[in-house]
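Structural features, examined
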Amino acid sequence: MLDVKAGDEASFDLLLRKHRLPLVNFLFRMVRDAATAEDLAQEVFLRVYRARKQYSPSAKFTTWLFRIATNLALNSVRDNRHRRADVSIDVKAEEDEAPRELPAREMRIDEHMIERDRSELIRRAVAALPEKQRAAVLLHKYEEMDYGEIAKVLECSESALKSLLFRAYETLRVQLAPLVAQPMAPRAGEGRPV
Amino acid sequence: MKCHEVENELIAYLDRRANSADRKQLEEHLATCSACRLRAEGFRKVWNVLDEVPSIEPSLGFDARLRQRVAAEPRARWTGWFVPQPRLALSMALLIALSAWMGNMPPTTSPDNEMGTKQQFEMIKDLPVLENYDELSKFDALSELGPAPVAVPEQDHSANPNGGGS
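What counts, and where the lines are drawn
- Residues take numbers from 1 onward in each chain, read along the sequence in its written order.
- Chains and ligands are labelled by the order in which they are written, letters from A for the one and numbers from 1 for the other.
- Local features in this predicted model are restricted to residues whose pLDDT is 70 or higher, and side-chain atom pairs enter the listing and the counts only when it is 80 or higher, whereas totals over whole chains, interfaces and linings include all residues.
- Numbering of helices and strands runs from the N terminus; a helix is a DSSP stretch of H or I covering at least four residues, while a strand is a stretch of E covering at least two.
- Buried residues are those with 20 or more other C-beta atoms within 10 Å of their own C-beta, exposed residues have 12 or fewer, and partly exposed residues lie in between; C-beta atoms are placed from the backbone.
- Under the definition applied here, buried Ala, Val, Leu, Ile, Met, Phe, Trp, Tyr and Cys residues are grouped into a nonpolar core through C-beta atoms within 7 Å.
- Residue ranges assigned to each domain were obtained from an automatic or database domain assignment.
- By the convention adopted here, residues make contact when the C-beta atoms placed from their backbones lie within 7 Å.
- Residue-level confidence of the predictor is what pLDDT reports, using numbers from 0 through 100.
- Only Asp, Glu, Lys and Arg are considered charged, only Ala, Val, Leu, Ile, Met, Phe, Trp, Tyr, Cys and Pro nonpolar, and every remaining residue, Gly among them, polar.
- Interaxial angle, 0 to 180 degrees, is taken between N-to-C directions of lines fitted to C-alpha atoms, where a helix line uses only the stretch in contact.
- Relative orientations are named as follows: roughly parallel for angles under 35 degrees, roughly antiparallel for angles over 145 degrees, roughly perpendicular for angles from 65 to 115 degrees, and oblique for any other angle.
- In this scheme the crossing of two helices becomes right-handed for a clockwise turn of the near helix relative to the far one and left-handed for an anticlockwise turn of less than a right angle.

1. Here we look at the overall build of chain A
For chain A, the helix and strand inventory stands at 11 helices and 0 strands. Starting at the N terminus and ending at the C terminus, chain A contains elements arranged as α-α-α-α-α-α-α-α-α-α-α. Going through the 194 residues of chain A one by one, you find that 32% of them count as buried.

Structure follows, in structure tokens:
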């Protein structure tokens, strides 16, 4: 990033190649829409580029990057929620409307398992978490950040973060209990899950 | 360790990031508390289940679109010198104000200066005399004639104004 700050355009390309995949996936898991996730990822990189002159290496670059991404994702989720609230006055809630639809108990999960694959149910369970818990789980589980970094991204104390993570995993444990009890059968020709 | 205390340490324990003292306390608690043991096991399984979610790939045009947007960003140019800089502007304003204030200050007066001014005034007053000093100095001989008459009567118009006769 210091090279980018010094005006080296090739270093920006390197940053882009290194971080675009985890960033797009993080945003996809936050907003649950691939096109929106890409738009947000573009916006994150643009903001990094615009702020390159002000960058100071006091924090890890990834912390800074994911902090921007988290803020953008949270804003997008909130805006989207408001839009949906406006629409729902006239239209019945679509099946795709995640959080409250998530099968809360085993019976409903079984019903959904008929129609949807496990991945989708897991995505829905994660999407049903409160936004900050969701971001904490994604940064912890998929980005494998340490507690100090996640706490900086989410602007909370490490103790608050541990509590957030505990509550999030406890919710997932309950929601995904049927899936946990029924391990995924390996399918022919399917690669190792990421 | 009590069940409610597990909340703060369980994730770090499962992550293998807990320190040895916390780890030991937690293991002791898990050995005796089936509810917490079940929860810890459940967390582990949830982590494995979360791994089942596949990643997505950015679209093929992602990089090109971003480069295009970056290229459209305004570049720093020499006109950047004219970008308002508050600190510089404040410094300049203070400098100008200081100069104006110093320019309007009355000149300092000291006794020496005052004397000098008086001498200059006397010199200016006697300037015609000084200018004609060479000519006037030729009249030194006249001083031998003694003092000039005090008053000249009206009828003595014919008299020589220089003392007459000589």
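That was the structure; now back to the text.
2. Looking at the nonpolar core
The tendency in soluble globular proteins is for nonpolar side chains to be buried as a group. Residues and elements named next belong to chain A. Counting residues in each nonpolar core, the largest one holds 57 residues, and the members touching the most others are L27, V44, A69, I122, A136, I150 and L165. No other element matches helix α2 (residues 9-31), which puts 9 residues into this core. Looking at this core, you find at least three residues from each of domain 1 (1-92) and domain 2 (93-182). Dropping the residues within four chain positions of it, A136 is found in contact with I150, L154, L161, L164, L165 and A168.

3. Re the confidence of the model for chain A
All names here are of chain A. Averaged over all residues, the pLDDT of chain A is 79; the fraction at 70 or higher stands at 70%. Scored below 50 in pLDDT, residues 91-104 shows 16 contacts in the model against residues more than four places distant or in partner chains. Scored below 50 in pLDDT, residues 186-194 makes 5 contacts in the model with residues more than four places away or belonging to other chains.

4. Quick notes on the interface of chain A and chain B
Counting residues at the interface gives 32 residues for chain A and 28 residues for chain B. Of all the elements in the fold, those that place two or more residues in the side of chain A that touches chain B are α2, α3 (34-50), α7 (118-127), α10 (158-175) and α11 (177-181) of chain A. Ranked by residues supplied to the side of chain A that touches chain B, first place goes to α10 of chain A with 8 residues. Taken together, the residues that form the side of chain A that touches chain B break down as 19 nonpolar, 5 polar and 8 charged.

5. Some remarks on unusual backbone geometry
One non-glycine residue, E144 of chain A, adopts positive backbone phi at about 55°. Among the secondary structure elements, E144 of chain A is positioned in the loop between α8 (131-141) and α9 (147-154).

6. Some details on the packing of α8 of chain A against α10 of chain A
Residue and element names in this part refer to chain A. Axis separation between α8 and α10 bottoms out at 9 Å; the angle between their running directions is 95°. Here α8 is positioned roughly perpendicular relative to α10, judged by the angle of their axes. On the side of α8, the interface is formed by K132, Q133, A136, V137 and H140, while α10 contributes L161, L164, L165, R167 and A168. When the residues that make up the contact of α8 with α10 are grouped by side-chain class, the tally is 6 nonpolar, 2 polar and 2 charged.

7. Regarding the confidence of the model for chain B
The share of residues in chain B with pLDDT of 70 or more is 67%, and the mean pLDDT across the chain is 76. Quick note on the complex model: pTM equals 0.62, ipTM equals 0.71.

8. Some remarks on the packing of α8 of chain A against α9 of chain A
Residue and element names in this part refer to chain A. The contact between α8 and α9 brings their axes to 10 Å, and the two run at 145°. By crossing handedness, the relation of α8 to α9 is classed as right-handed. In this structure, α8 contributes K132, A135, A136, L139 and H140 to the contact, and α9 contributes I150, V153 and L154. Here the contact of α8 with α9 is built from residues that sort into 6 nonpolar, 1 polar and 1 charged.

9. Description of α8 of chain A
Across the 11 residues that make up α8 of chain A, a large majority, 9, are buried. For α8 of chain A, every residue scored as buried is listed here: Q133, R134, A135, A136, V137, L138, L139, H140 and K141 of chain A.

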